[in-house]
Each structure stands twice: as structure tokens, then as C-alpha cells.
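# Working through the structure, step by step
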Amino acid sequence: MINIIKNNFYTGKKSEIFNANFISQIRDFHHQIDGYQPTPLISLPLLAKRLGVKSILVKDESHRFGLKAYKGLGGSYALGQLLAEHLDVDIAQIDLKTVSEKLDEPLVFTTATAGNHGTGVAWAAQKMGQKAVVYMPMGSPVASVERIRKLGAECIVTDVNYDDTVRLASKTAEGNGWILVQDTAWEGYEKIPTWISQGYMTMPDEAIEQAEAMNEGKITHVMLQAGVGSMAGGVLGYLVDKLGVDSFKTIIAEPDAADCLYRSGDSADGDMVNVTGQLNTIMAGLACGEPNPITWPVLKDNSSYFASVDDSVSAIGMRVLGNPLSGDTAITSGESGAITFGLLYKLCSDTSNQKLRDELGLNQDSVVMIFNTEGDTNPSRYRDVVWEAKY
């Protein structure tokens, strides 16, 4: 099932906090991390021809820092800013190899996560010689819990959903004097989520550099997945500033079980709409029911369309990416990583979606950029989908 609505609140207004003015500082910080290198931007020319578009470009974050996901970008930048603030220095003066020596004792960072964000925070804390305590919602995969613990963090699985787990982590951090590093915001808690979303801007900055070198044409469509919208807002804000207002169309995609941005975009006045309940979807990283108030204005002002899709869309994206046409590159994509690709594939391969495709302007002149935000971070689920054809 695919539902797509046009964003009637579009203004084209650029963001003051998510734009290219910050990128030099952010990229410089990420450059100093051991193992940093730009993740590949992969062209799928044979599939593009089959689907009737000019080019499909996939930014493959399954290679990021050995974490199989992009989240380390936001977590590391936020922790760098927090350590700089604690030491009263500029972030440019933070040396990850020596920063722990400047502290009397390690700081304790805590967060709530559906998986990849907590992994990124745990990894960043380990890199910087600090401590991390990570809370996960009920039903979280054992593989995700073990991955976080292997990074030296404490990981606690709660008996509530993601949004309530965020509230629990916040309350616990306040009571223990820990520093909450959450990738969503609320009144009085805006600075750290802003840093996290800014940290994600390294990803599109790399992608634009790579796309220009590949010379496959002007980007006409960008497809972004969203949970609370932290990544989507940071990336879109940067791209609007870098590429120009009205220069491309953007589709924001969510699982239909947690489509808070879709519902917000479909509301009468463009206010944020929350989704409650269990938020059951295979896309654990996107199972978030409350929009991020910092990035919602960017998405509201600059998204072209909002999409709400069922799990089968992500599943087919995983299968097609992992089993490409002969001559195209295979890409390992997890459930949250493949939603946008699955949406593109369904729009362009299923004749029943022709009207939607025409409305979106997906045609032989289209150059589509997609972000594969995770690899097989849950290997057993990946095999269920790709090997056993579940969902």
C-alpha cells in the first residue's frame, strides 16, 4: 500500500540552522575520526533504464564507520560539541584521541533509540573515552542490544514504545546528572538535537560532491525516509541551500504504522500530529510517532510530498537492492534503509501507480537521489526478508 499527498504548506523558505554555512566545521570534525571516509554514491544505470528514469543514485551508508548506518555522524558531532562546551573551547580544538585526558572523570551520555542512533552514541562515547547508557523500546531486536553493549555501553530494554522510552531516558538522565543526547526535541531541549541533525549534513555534502564528479545530470528528485524527521530535516535543509529552492522535488517516506509527518502534512493547518500505540513495523529505526519540532519546519517548508507505505514496500526495496540486474552494483539495505528505494521501485514498475508517477514528475529526465541509511543491522531480519521473502 502506498499513500502520497502533496505538501500544501510548501514555502521554499531556507533554514537558518540547517544549511551549507555549517558544513566546513562539521566535515572537519568528522575527518579527524579514525576510519572516516566518504561512503559510496552508487549509480544503478540498468535499473534506471528499466524503470524509465535517467539516473538512480544511492548514497550507501551501510559502510559508515563500520556501524552499518549513518547515525554515527550525528552522535559524534553532538558529543564533540558537548565536550567542547564542557571544556569551554571551540569544537575545532577537540582532539578525539586526547579529549578524555582533559577531564577529571568521563561524562555519562544517555539516549533512547530504536537501534542505530543508540549505536552511534555508544560508538562516539567509546571513541572519546566517555560512557553511554542506552534505552531501547520493548520488542527491540536482540542483535541491536548486543551491538550497543559490544561498544561498551549499558543497554536497557524498556516495556514501553519509542516515544515513551525517550521520556524515560530524559527523566533518568535528569535524576542521575547524565547528559541526554536525543535526536528529537521538545520545549527547553533544542540545542543537542540541532547538533545531531547538523551532523547528518556530512552525508549529503559528500553525495553532492560525488554526484558532480559522476556527471549524471542535475538532481531532480530526492527521497528521504523519516522517523521523527531529524535526518530528513537536516539533509533537506542542506540540499535546499546547496542546490537552490525549487530546483528539485522531495518525497518524505514513512511506515504507515508511524506516519506522524505524513499526518502532519495532511493536517488542516500544518501543525505536528502524533501517532500513538505500538507503532508495529519492521522499520524499527522509523517507528517514531512524534515529529521533531526542530526539523518539522524545514520539512513543512521544503518537502514536495509525504508518503505513507506498508512494510512490503521496504521489503521489496531490500530484495531488489540486494539482487540487482546483472551489471548494476548490489547494495545491502536494512528495513529502514530501503523504504525510499522500495517506494521508487513500486512507483515506476507498477502500472497501477502511473498517475502518482506522473504527478511526481518521474520520467526519462529524472535523476533520483536516495539515501540507504542502514545495512543489515539486524541480520536475522534481513535474511527473513531477503531469503525467506517475508513481508
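The structure we're discussing is the one just above.
Just so it is clear, the structure is predicted and the values come from calculations on it, not from any experiment.

### Quick look at the overall build of the protein chain
- A count of helical and extended segments in the protein chain gives 15 helices and 11 strands.
- A compact globule built from 391 residues would reach a C-alpha radius of gyration of about 21 Å, and the protein chain, at 20 Å, matches this within 12%.
- Taking the principal axes of its C-alpha atoms as reference, the protein chain extends roughly 60 × 45 × 40 Å.
- A buried classification covers 62% of the 391 residues belonging to the protein chain.
- Here the analysis covers contacts within the protein chain between residues at least 6 apart in sequence; of these, 75% occur between residues at least 24 apart.
- By element, 46% of the accessible surface of the protein chain is carried by carbon and sulfur atoms, the whole surface being about 15200 Å².
- Mean positive and mean negative side-chain charge positions of the protein chain (33 and 48 charges, respectively) differ by 5 Å.

### Thoughts on the sheet that holds strand β10 (residues 305-309)
- The strand order across the open sheet formed by 7 strands is β1-β10-β9-β8-β11-β3-β2, and the pairing between neighbours is mixed. In this open sheet, the two edge strands, each paired with only one partner strand, are β1 (2-6) and β2 (41-43). With direction set aside, neighbouring strand axes in the sheet form an average angle of 20 degrees.
- Pairing analysis gives 5 bridges linking strand β8 (residues 221-225) to strand β9 (residues 249-255), with the strands arranged parallel. Paired with His221 across the bridge in β9 is Lys249.
- Running over the sheet, helix α9 (residues 230-243) touches β8, β9 and β11 (367-372) and is turned about 160 degrees from β8.

### With respect to the nonpolar core
- Among the nonpolar cores identified, the biggest contains 92 residues, and Val181, Leu224 and Met369 are the most heavily contacted of them.
- Once residues within four sequence positions are removed from consideration, Leu224 is found in contact with Met231, Ala232, Val235, Leu236, Thr250, Ile251, Ile252, Ala253, Thr340 and Phe371.
- If you look at the next biggest cluster of nonpolar residues, it comprises 41 residues, including Tyr305, Val320, Leu321 and Tyr345.

### With respect to the sheet that holds strand β7 (residues 179-180)
- Ordered by their spatial adjacency, 4 strands build an open sheet running β6-β5-β4-β7, and the pairing between neighbours is parallel. The open sheet has two free edges, formed respectively by β6 (154-157) and β7, since each of these has just one partner strand.
- As paired elements, strand β4 (residues 108-112) and strand β5 (residues 131-136) share 5 bridges and run parallel to each other. For Phe109, the partnering residue across the bridge sits in β5 and is Ala132.
- Along the sheet, helix α6 (residues 162-176) makes contact with β4, β5 and β7, crossing β4 at roughly 160 degrees.

### A word on the packing of aromatic side chains
- Across all of its chains, the model carries 6 aromatic pairs by this definition.
- Note on Tyr36 and Phe65: the rings are 6.4 Å apart at their centroids and 50 degrees apart in plane angle, and the pair reads as tilted. Here Tyr36 is found in the loop between α1 (23-31) and β2, whereas its partner Phe65 is found in the loop between β3 (55-60) and α3 (72-87), with 29 residues between them in sequence.
- The positively charged end of Lys300 is found above the aromatic ring belonging to Phe9, 5.6 Å away from the centroid.

### Description of the pattern of salt bridges
- One pass over the structure, following the stated rule, counts 16 salt bridges.
- Measuring nitrogen to oxygen at the nearest pair gives 2.8 Å for the salt bridge that ties Lys59 to Glu206. Here Lys59, found in strand β3, pairs with Glu206, found in helix α8 (residues 202-214); they are 147 residues apart in sequence, far enough to count as distant.
- Looking at Lys59, the relative accessible area reads 0%, which means it is buried.
- Between Arg167 and Asp164 there is a salt bridge, with the nearest N and O atoms lying 2.9 Å from each other. With a gap of 3 residues between them, Arg167 and Asp164 both fall in helix α6, about one helical turn apart.
- We classify Arg167 as partly exposed; its relative accessible area is 42%.

### Side note on the side chain of Asp311
- Following the sequence through the fold, Asp311 ends up in helix α12 (residues 311-322).
- One polar contact links the side chain of Asp311 to the main-chain amide nitrogen of Ile282, over a distance of 3.0 Å.

### A short note on helix α15 (residues 379-386)
- All of the buried residues along α15 are Tyr382, Val385 and Val386. With its buried residues spanning 85 degrees around the axis, α15 presents them on a single face.
- Buried-residue contacts for α15 involve α12.

### Section: unusual backbone geometry
- If you check the backbone angles, Lys68 has positive phi at about 65 degrees while not being a glycine.
- Position of Lys68 relative to the elements: it lies in the loop between β3 and α3.
- Classification of Lys68 as partly exposed rests on a relative accessible area of 32%.
- The backbone phi angle of Asp88 is positive, close to 60 degrees, even though this residue is not glycine.
- In this structure, Asp88 sits in the loop between α3 and β4.
- A relative accessible area of 70% means that Asp88 is categorised as exposed.

### Quick notes on the pairing of β5
- Taken across its 6 residues, β5 has 5 buried, putting it largely inside the fold.
- Regarding topology, helix α4 (residues 116-127) serves as the crossover connection from β4 to the parallel β5, and that connection is right-handed.
- Sheet analysis places β5 next to β6, joined by 4 bridges and oriented parallel. From the neighbouring strand, Val133 faces β6, where its bridge partner is Glu154.
- Each parallel crossover has a hand, and for β5 linked through helix α5 (residues 142-150) to β6 it is right-handed.

Reading the values: rules and limits
- Residues numbered from 1 in each chain as written.
- Predicted model: local features only at pLDDT ≥ 70, side-chain atom pairs only at ≥ 80, totals over all residues.
- Heavy atoms only, no water.
- Helix = DSSP H or I, 4+ residues; strand = E, 2+ residues; numbered from the N terminus.
- Rg over C-alpha atoms; globule rule 2.2 N^0.38 Å.
- Buried < 20%, exposed > 50% of the residue type's maximum accessible area, 1.4 Å probe, protein only.
- Contact = heavy atoms within 4.5 Å.
- Areas by Shrake-Rupley, 256 points an atom, 1.4 Å probe, with all protein chains shown as cover.
- Lys, Arg positive; Asp, Glu negative; His and termini not counted.
- Charge placed at Lys NZ, Arg CZ, Asp CG, Glu CD.
- Pairing = 2+ DSSP bridges.
- Axes fitted to C-alpha atoms, helices over the stretch in contact; angles between N-to-C directions.
- Core = buried A, V, L, I, M, F, W, Y, C linked by side-chain atoms within 4.5 Å.
- Phe/Tyr/Trp six-rings, centres within 6.5 Å; stacked < 30°, edge-to-face > 60°.
- Lys NZ or Arg CZ within 6 Å of the ring centre and 35° of its normal.
- Salt bridge = Lys/Arg side-chain N within 4 Å of Asp/Glu carboxyl O.
- Polar contact = N/O pair within 3.5 Å; in protein donor to acceptor, adjacent residues only side chain to side chain.
- Arc of directions from axis to C-beta.
- Right-handed = clockwise from strand over helix to strand, strands pointing away.

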